[in-house]
Amino acid sequence: MNLRTKKTLGVLLRGAIIPTFWTVQVMVQERQIVLRPAFFVFLALLVATTGYAWWWYGDSPKAVAYRAKAEAKKAARQQSN
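An account of the accompanying structure is given in this report. (Residues numbered from 1 in each chain as written. Predicted model: local features only at pLDDT ≥ 70, side-chain atom pairs only at ≥ 80, totals over all residues. Heavy atoms only, no water.)

A word on the environment of Arg36. Within the fold, Arg36 resides in the loop between helix H1 (3-30) and helix H2 (37-56). Separated by 13 residues in sequence, Arg36 and Thr23 place their C-alpha atoms 8.9 Å apart. Other than its neighbours up to four places away in sequence, Arg36 contacts Val26 and Glu30. (Helix = DSSP H or I, 4+ residues; strand = E, 2+ residues; numbered from the N terminus. Contact = heavy atoms within 4.5 Å.)

The subject of this paragraph is the packing of aromatic side chains. Taken as a whole and assessed by the stated rule, the structure comprises six aromatic pairs. Aromatic pair Trp55 and Trp56: ring centres 6.4 Å apart, planes at 55 degrees, arrangement tilted. A relative accessible area of 29% places Trp55 in the partly exposed class. Every member of this aromatic cluster is reached through a ring pair, and the members are Tyr52, Trp55, Trp56 and Tyr66. (Phe/Tyr/Trp six-rings, centres within 6.5 Å; stacked < 30°, edge-to-face > 60°. Buried < 20%, exposed > 50% of the residue type's maximum accessible area, 1.4 Å probe, protein only.)

What follows deals with H1. For H1, with 28 residues, the first-to-last C-alpha span of 41 Å sits near the 40 Å given by 1.5 Å per residue. The sharpest bend along H1 comes to roughly 30 degrees, located at Ile17, with the proline Pro19 sitting one to four residues further on. The inward-facing, buried residues of H1 abut H2. Immediately downstream of H1, the backbone of Arg31 shows phi near 60 degrees, a positive value. (Expected span 1.5 Å × (residues − 1). Bend = angle between axes of the 7 residues up to and from the residue.)

Here it is, written out as structure tokens:
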């Protein structure tokens, strides 16, 4: 599995934890399936974050430039310590 897929799936799984537990907790309290508006807000944020991770680890020139800049800053911080 390539890095892009691995990182994107990691973001998706970590982001799905909160809505999953929240939905189960509401189902236990209400004794029925109730999808509140906040659930859809979390779902939209999850989709947006996952899409950003997919783009970030992609091969577009802009993403590669951003990633190189972040790695250069990290290397500079490590050298100064």
